[in-house]
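So the chains spell out like this:
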Amino acid sequence: ALERTISIIKPDAVAKNVVGQIYARFENAGLKVVAAKMKHLSRREAEGFYAVHRERPFFNALVEFMISGPVMIQVLEGENAVAKNRELMGATNPKEAAAGTIRADFAQSIDANAVHGSDSLENAAIETAYFFAATELCPR
Ligand code: CMP
């Protein structure tokens, strides 16, 4: 089915100047960018975005990392966009990510792992609403 998902290019990948290379992977897989913004998240914004992880031991490190520099946030649209984006990203831990995936090619560690992608259609809708007004989406 035609779906939308959220992708965040994290501070490590923005700092490495590989936003374009990551966008090319989305485009080559048939995913379209229908909204995008670069943003340096506040602590409050990062904590709110990752609220489901609040009780996890890595929460503070995750928030610190996500506010360490600007991120590039985009809504991707395409057939099975949620799963397709997760396939392109590879495993959360880059050491376990399959060859040719974004995390295998651009990520350093489980914290600095280059990209975030929604893990379900339901969370994709929640995460999209967190960063974008409905009027900022450009279906095409
Ligand atoms: P992300 O998809 O952005 O969602 C939560 C993030 O927490 C995850 O990617 C990782 O970058 C980070 N993280 C750090 N340690 C862990 C862990 N042990 N398990 C899952 N995620 C972790």
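Residues numbered from 1 in each chain as written. Predicted model: local features only at pLDDT ≥ 70, side-chain atom pairs only at ≥ 80, totals over all residues. Heavy atoms only, no water.

1. Observations concerning the UniProt feature "active site" (unreviewed entry) in the protein
Next, step 1: Using the residue numbers shown here, the UniProt feature "active site" (unreviewed entry) corresponds to H116.
Next, step 2: Tracing the sequence through the fold places H116 in strand 4 (residues 115-117).
Next, step 3: Not counting residues up to four positions away in its chain, the partners in contact with H116 are I6, S7, I8, K10, F49, Y50, N85, M89, R103 and E127. (UniProt positions renumbered as here; feature names shortened; annotations may be inferred. Helix = DSSP H or I, 4+ residues; strand = E, 2+ residues; numbered from the N terminus. Contact = heavy atoms within 4.5 Å.)

2. Here we look at the layout of surface pockets
Next, step 1: Space inside the largest pocket adds up to approximately 640 Å³.
Next, step 2: Elements that contribute at least two residues to the lining of the largest pocket include exactly helix 3 (43-49), helix 5 (81-89), strand 4 and helix 7 (121-131).
Next, step 3: Top contributing element to the lining of the largest pocket by residue count: helix 7, with four residues. (1 Å grid on protein atoms, 1.4 Å probe; cavity = no way out; pocket = protein on both sides within 12 Å on 5 of 7 lines; lining within 4 Å. Points joined across faces, edges and corners; volume = space filled by probe spheres on them.)

3. Remarks on the UniProt feature "domain: Nucleoside diphosphate kinase-like" (unreviewed entry) in the protein
Next, step 1: The UniProt record marks residues 2-139 with the feature "domain: Nucleoside diphosphate kinase-like" (unreviewed entry), using the residue numbering of this structure.
Next, step 2: Here residues 2-139 runs as 40% helix and 20% strand, with 11 Å between its end C-alpha atoms.

4. Brief notes about the pairing of strand 3 (residues 71-79)
Next, step 1: Within strand 3, eight of the nine residues are buried, which leaves the element mostly enclosed by the surrounding structure.
Next, step 2: Sheet analysis places strand 1 (residues 2-9) next to strand 3, joined by eight bridges and oriented antiparallel. Bridge pairing in strand 3 places R4 opposite E77.
Next, step 3: Two elements, strand 2 (residues 32-39) and strand 3, share seven bridges in a ladder whose sense is antiparallel. (Buried < 20%, exposed > 50% of the residue type's maximum accessible area, 1.4 Å probe, protein only. Pairing = 2+ DSSP bridges.)

5. Digging into the site of the ligand
Next, step 1: With respect to spatial proximity, the complete set of residues near the ligand consists of K10, Y50, H53, F58, L62, T92, R103, I110, D111, N113 and H116.
Next, step 2: Within the backbone of I110, one N or O atom sits 2.6 Å away from an oxygen atom of the ligand.
Next, step 3: The separation between an oxygen atom of the ligand and a polar side-chain atom of H116 is 3.0 Å.
Next, step 4: For the ligand, whose accessible area on its own is 450 Å², the fraction buried by protein is 78%.
Next, step 5: Among the detected pockets, the ligand sits in the largest pocket. (Near = heavy atom within 4 Å. Polar contact = N/O pair within 3.5 Å; in protein donor to acceptor, adjacent residues only side chain to side chain. Areas by Shrake-Rupley, 256 points an atom, 1.4 Å probe, with all protein chains shown as cover. Sits in = over half its atoms within 2 Å of the grid points.)

6. Structural notes on the side chain of T5
Next, step 1: Along the polypeptide, T5 turns up in strand 1.
Next, step 2: Only 3.4 Å separates the side chain of T5 from the side chain of S118, close enough to count as a polar contact.
Next, step 3: In contact with T5, not counting residues within four places along its chain, are Q74, V75, L76, A81, V82, N85, S118 and A124.

7. Here we look at helix 4 (residues 59-66)
Next, step 1: Every buried residue of helix 4 is accounted for by F59, L62, V63, F65 and M66. Within helix 4, the buried residues cover an arc of 165° as seen down the axis, which keeps them to one side.
Next, step 2: Contact partners of the buried residues in helix 4: strand 1, helix 1 (11-15), helix 3 and strand 3. (Arc of directions from axis to C-beta.)

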